[in-house]
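Inside the fold
For reference, the chains in residue letters:
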Amino acid sequence: MPGTLHQILSADPRPVSECLAIAQAGDLFVLADDGVVLIDHSWPELSSGLPEKSRVMASSPDLAARGLERLAGEQGITAASDREWLALVIDCERVLSWK
């Protein structure tokens, strides 16, 4: 079970940088809402700061709405249904939202 779920809800890379500054090994990151737009813009650069053993997922409906499913897969980002996302929120010890 991951310790912290970081919900990245904005296309602004500044909150992501702040998030990565406190993230720990094994944390889980979910890109949702406008956060999925990062996949098309600055995610390759930002993801270089991910702690080891971290997992990155993205909201499947948000990816589909923006046509980013293929690009997310190419970058190793797993799509998560709303049901899967809710299960992660329940399973993680802490949930932090970044916007």
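Below you will find a few notes about this structure. (Residues numbered from 1 in each chain as written. Predicted model: local features only at pLDDT ≥ 70, side-chain atom pairs only at ≥ 80, totals over all residues. Heavy atoms only, no water.)

Counting 19 residues, the largest nonpolar core has Leu31, Ile39, Trp43 and Ile77 as its most contacted members. Of all the elements in the fold, those that place two or more residues in this core are α1 (13-22), β2 (28-31), α2 (43-46) and β3 (55-59). Among the elements that make up this core, the one with the highest residue count is α1 (3 residues). When neighbours within four sequence positions are excluded, Ile39 is seen to be in contact with Leu31, Pro44, Ala58, Leu63, Leu71, Ala72, Gln75 and Ile77. With 10 residues, the next largest nonpolar core counts Leu9, Met57, Trp85 and Cys92 among its residues. (Core = buried A, V, L, I, M, F, W, Y, C linked by side-chain atoms within 4.5 Å. Buried < 20%, exposed > 50% of the residue type's maximum accessible area, 1.4 Å probe, protein only. Helix = DSSP H or I, 4+ residues; strand = E, 2+ residues; numbered from the N terminus. Contact = heavy atoms within 4.5 Å.)

Tracing the sequence through the fold places Thr4 in strand β1 (residues 4-8). For Thr4, the side chain forms a polar contact with the side chain of Arg94, separated by 3.0 Å. Every residue in contact with Thr4, bar those within four places of it in the chain, is listed here: Asp27, Leu28, Arg94 and Leu96. (Polar contact = N/O pair within 3.5 Å; in protein donor to acceptor, adjacent residues only side chain to side chain.)

With that settled, the discussion passes to α1. The set of residues buried in α1 consists of Pro15, Val16, Cys19 and Leu20. Projected down its long axis, α1 shows its buried positions confined to an angular sector of 140°, all on one face. Counted as exposed and oriented over 90 degrees from the buried face of α1: Arg14 and Ala21. Looking at the buried side of α1, the elements it contacts are β1, β2, α2 and β5 (94-98). (Arc of directions from axis to C-beta.)

Quick look at the side chain of Asp27 now. In this structure, Asp27 sits in the loop between α1 and β2. Buried charge Asp27 goes without a salt bridge, the closest partner of opposite sign being Arg94 at 5.3 Å. Sequence-distant contacts of Asp27, defined by excluding residues within four places in its chain, comprise Thr4, His6, Lys53, Ser54 and Arg55. (Lys, Arg positive; Asp, Glu negative; His and termini not counted. Salt bridge = Lys/Arg side-chain N within 4 Å of Asp/Glu carboxyl O.)

A separate point is a nonpolar patch on the surface. A contiguous nonpolar patch, built from Leu86, Val89, Ile90 and Val95 and spanning about 340 Å² of accessible area, is present on the exposed surface. Considering every element that reaches the nonpolar patch, the biggest residue donor is helix α5 (residues 82-91), with 3 residues. Checked against the element boundaries, Ile90 lands in helix α5. Note on Ile90: relative accessible area 64%, which makes it exposed. (Patch = residues over 30% accessible without salt bridge, like charges linked within 9 Å, V, L, I, M, F, W, Y side chains within 5 Å. Areas by Shrake-Rupley, 256 points an atom, 1.4 Å probe, with all protein chains shown as cover.)

The 5 strands are arranged β4-β3-β2-β1-β5 in an open sheet whose pairing can be described as parallel. In this open sheet, the two edge strands, each paired with only one partner strand, are β4 (78-80) and β5. Adjacent strand axes in the sheet meet at a mean angle of 30° when their direction is disregarded. Across 5 bridges, β1 lies against β5 in parallel orientation. Within β5, the position partnered with Thr4 by the bridge is Arg94. Along the sheet face, α1 touches β1, β2 and β5 and points at about 150° away from the line of β5. In the packing of α5 onto the sheet, contacts are made with β1, β2, β3, β4 and β5, and the angle to β1 comes to roughly 135°. (Pairing = 2+ DSSP bridges. Axes fitted to C-alpha atoms, helices over the stretch in contact; angles between N-to-C directions.)

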